[in-house]
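The primary structure of each chain is shown beneath.
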Amino acid sequence: MPKKNELPTLTELPAYQALENHFKLISQLKMRHLFATDEKRVEKFSIKNKSILLDYSKNRIVDETIPLLCNLAREVNLESWRDRMFAGDKINNTENRAVLHTALRNQTNEAVFVDGKDVMPEVNATLDKIEVFSEKVRGGIWKGFTDKAITDIVNIGIGGSDLGPKMVYHALKPYHHKELTVHFLSNVDGAQIDDILEDLDQETTLFIVASKTFTTQETITNAHIAREWFLQSGADDEQISKHFVAVSTNLEAAAEFGIDTDNVFEFWDWVGGRYSLWSAIGLSVVLAVGMENYKKLLGGAHAMDNHFKETPLEENMPVIMALLGVWYNNFFGAESHGILPYDDYLRDLPFYLQQADMESNGKSVDRNGKKVDYVTGPIIWGTSGINGQHAFYQAIHQGTQMIPSDFIASILTHNSHQDQHDIMMANALAQTEALMKGRTLDETYTDIVENINDIEDIEDRIHHMVFEGNNPTNTLLLTKLTPHSLGMLIALYEHKIFVQGIIWNLNSFDQWGVELGKKLAKKIHAEIGQAETVTGHDSSTNALINYYRSVVYKGAIDD
Ligand code: G6Q
């Protein structure tokens, strides 16, 4: 029981306890049996929202499960939190900020207020500025210092200033401008900048320095190296403005770096880094696909925002996906969640969602600063589906951990290889079927006897070939991967993450773990350059720093 005047924690809520009882009743049920006894299962457990179909029937749920999970969502006041987010309340309590990436795609243009000020005029003004600039670059009107058109764009950014635009850029390949290539430079490892610059020409390259804070060491270091490289061409400082633009909330720091203020595209502190692809951080995407397509991406996200705002919880796509995740994490003890896109253009989606989800909900202290006594965000991982099948799917099928997974595919393809597409789709569908059904001992005998000649020692081997099944999956089918459906898909996951954060009573919008990382290395970096032996850390860290220095700066190389 909660102490007097203390709010109950998640596990003390009546809806949570009802779910615990429900879990005891149904956790052993087999999905193959549930399918066999209910013809309406798919109809009941799927949602179609414009160009996205979510089939969640292959989950370990019965008719009562979703209503019970929705009771939990209501008990934590999900709807009120959702409305507060859209209204611009400062729900990011540890940074005292509003959370308004939804305003960036608010195509109705209804006013959205932060501190009494409508943010829509500045959102629209930045979009207009991006449009004017991108049209110049795309049309070859924006010239480099030798009067040549731009052919290559390098987005220098990391984390939220890299993963979102990179994922969208690759996803929208069929919409790319044919004479412009975007490169993404994020790593401070000099190998990456060398690899990218090797094939580029200073006269035709445009750099976007994308950093919300404009203080991130990796990004600023890379930007300085890029500037040096540019100046090696014989161009002078004055000409930097033709080749460097910035995206930031910190206009002063961008100006200090030497970027013409006319070439700085602004966004605001109410846009979280990992939610920033809808802001000017999407500049590289606009340059590649044009403003018209970018607005369709925003439009898709806006459509999903409306669905999330207006649809009853029981039929609400992000809510259902979030609640299923809670069901597996908190009741079945699942620790990870697979993202498996069967669409090569979506190959970066798992990496993008890894950050979106784990940086948002990978937390163990609740909004009130209290340590939680329940499990929160899972490990998000995955890769392009077909490749994963030949790698780690073994563990999903027959390992000891439950790994709920999302299978994501596009029905219509952009390429002309329909046969290949059919093979890929057949694989995706076969996997979800196999994960659900498994293969019993009897079925295995039948399969094996039919398919192998030597059945002498089959008794020894047969158990390795049995699949328990009952592994949960969601299937998300996009009619086609377009800017609009991609916008919907990304916003779907953003809201899923939001809902889970509310259930777990987390602030999903801060990232103190990342902030720590930004600080830690600075001390060691300074020590690497000093002459004295380093002694100020634990013995392992001291020894590693000193060993590194002895090889790099004193030439102590072993064979
Ligand atoms: C995202 C995080 C983090 C951030 C990067 C880059 O939500 O805050 O991933 O995006 O650390 O930060 P800057 O954009 O400020 O360079």
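Please refer to the structure placed before this passage.
Residues numbered from 1 in each chain as written. Predicted model: local features only at pLDDT ≥ 70, side-chain atom pairs only at ≥ 80, totals over all residues. Heavy atoms only, no water.

Draft legend 1. Just the overall build of the protein, in detail. Along the protein, the regular secondary structure elements total 21 helices and 13 strands. Rg of the C-alpha trace for the protein: 26 Å, near the compact-globule value of 24 Å for 559 residues, within the 12% margin. Dimensions of the protein, computed from C-alpha atoms along their principal axes, come out at roughly 75 × 65 × 60 Å. Residues counted as buried form 52% of the 559 residues belonging to the protein. Carbon and sulfur atoms make up 51% of the accessible area of the protein, which amounts to about 25,400 Å² in all. In the protein, 50 side chains carry a positive charge and 78 a negative one; their mean positions are 5 Å apart. (Helix = DSSP H or I, 4+ residues; strand = E, 2+ residues; numbered from the N terminus. Rg over C-alpha atoms; globule rule 2.2 N^0.38 Å. Buried < 20%, exposed > 50% of the residue type's maximum accessible area, 1.4 Å probe, protein only. Areas by Shrake-Rupley, 256 points an atom, 1.4 Å probe, with all protein chains shown as cover. Lys, Arg positive; Asp, Glu negative; His and termini not counted. Charge placed at Lys NZ, Arg CZ, Asp CG, Glu CD.)

Draft legend 2. Broad picture of a nonpolar patch on the surface. Together, Y548, V552 and Y553 make up an exposed nonpolar region whose accessible area comes to about 340 Å². Under the relative-accessibility criterion, V552 is labelled partly exposed at 43%. (Patch = residues over 30% accessible without salt bridge, like charges linked within 9 Å, V, L, I, M, F, W, Y side chains within 5 Å. Salt bridge = Lys/Arg side-chain N within 4 Å of Asp/Glu carboxyl O.)

Draft legend 3. Just the site of the ligand, in detail. Of all residues adjacent to the ligand, which total 14 residues, the nearest are S161, S211, K212, T213 and T216. Separating an oxygen atom of the ligand from a side-chain N or O atom of S161 is a distance of 2.7 Å. Within the complex, 93% of the 400 Å² of free accessible area of the ligand lies under protein. Tallied by class, residues from the shell around the ligand come to one nonpolar, nine polar and four charged. (Near = heavy atom within 4 Å. Polar contact = N/O pair within 3.5 Å; in protein donor to acceptor, adjacent residues only side chain to side chain. Nonpolar A, V, L, I, M, F, W, Y, C, P; charged D, E, K, R; others polar.)

Draft legend 4. Layout of unusual backbone geometry. Positive phi, normally seen in glycine, also occurs at F214, with a value near 60 degrees. On the basis of relative accessible area, F214 is assigned to the buried category, the value being 5%. One non-glycine residue, N505, lies in the positive phi region at around 60 degrees.

Draft legend 5. The pattern of salt bridges, seen in detail. Scanning the model with the defined rule gives 20 salt bridges in all. Here R74 and E314 are joined by a salt bridge, their closest N and O atoms 3.0 Å apart. Taken together, the positions of R74 in helix α4 (residues 65-75) and E314 in the loop between α11 (283-310) and α12 (317-332) put the pair 240 residues apart, joining distant regions of the chain. Overall, R74 belongs to the partly exposed group, its relative accessible area being 34%.

Draft legend 6. Quick look at helix α21 (residues 539-552). Across its 14 residues, α21 extends 20 Å between first and last C-alpha, which sits within 8% of the 20 Å expected from 1.5 Å per residue. Listing the buried residues of α21 in full gives N542, I545, R549 and S550. Looking straight down α21, one finds its buried side chains confined to an arc of 135 degrees; they lie on one side. Looking at α21, the residues exposed on the side facing more than 90 degrees away from the buried face are L544 and Y547. Those residues of α21 that are buried are in contact with α20 (512-528). Of the residues that open α21, the one with a side-chain oxygen 3.0 Å from the backbone nitrogen of S540 is D538. (Expected span 1.5 Å × (residues − 1). Arc of directions from axis to C-beta. Contact = heavy atoms within 4.5 Å.)

Draft legend 7. Examining the sheet that holds strand β12 (residues 405-412) more closely. Read from one edge to the other, the open sheet built from six strands follows the order β1-β2-β13-β12-β10-β11, with strand pairing classed as mixed. Two strands in the sheet have a free side with no partner beyond their single neighbour: β1 (46-49) and β11 (379-381). The average angle at which neighbouring strand axes cross in this sheet is 15 degrees, direction not considered. Across five bridges, the pairing between strand β10 (residues 336-342) and β12 is parallel. The partner of L340 across the bridge, within β12, is F407. Across the sheet, helix α19 (residues 483-503) lies against β1, β2 (52-55), β10, β12 and β13 (473-480), angled at about 155 degrees from β13, the strand it touches most. (Pairing = 2+ DSSP bridges. Axes fitted to C-alpha atoms, helices over the stretch in contact; angles between N-to-C directions.)

Draft legend 8. Structural view of a negative patch on the surface. On the surface, D189, D194, D195, E198 and D199 cluster together into a negatively charged patch. Residue position: D194 is located in helix α8 (residues 190-198).

Draft legend 9. Molecular detail of the sheet that holds strand β7 (residues 205-210). Taken together, the five strands give an open sheet; going across it, the order is β6-β5-β7-β8-β9, and neighbouring strands pair in parallel fashion. Of all the strands in the sheet, just β6 (181-185) and β9 (264-266) have a single pairing partner and so form its edges. With strand direction ignored, the average angle separating the axes of adjacent strands in the sheet is 20 degrees. Pairing geometry for strand β8 (residues 244-248) and β9, over three bridges, is parallel. Opposite S248, over in β9, you have E266 as the bridge partner.

Draft legend 10. Spatial organisation of α4. Looking at α4, one finds that the buried residues are T65, I66, L68, L69, C70, L72 and A73. Looking at the buried positions of α4, the neighbouring elements they touch are α1 (14-26), α5 (78-87), α12 and α19.

Draft legend 11. Inspection of the pairing of β7 at higher detail. Burial analysis of β7 places six of its six residues in the buried class, which makes it a mostly covered element. Side-chain alternation along β7 places T205, F207 and V209 on one buried face and L206, I208 and A210 on a second face that is also buried. Note that strand β5 (residues 152-156) and β7 share five bridges and pair parallel. Each bridged residue has a counterpart across the sheet, and for V154 the counterpart in β7 is F207. Inspection of the sheet shows β7 paired to β8 by four bridges, in the parallel sense.

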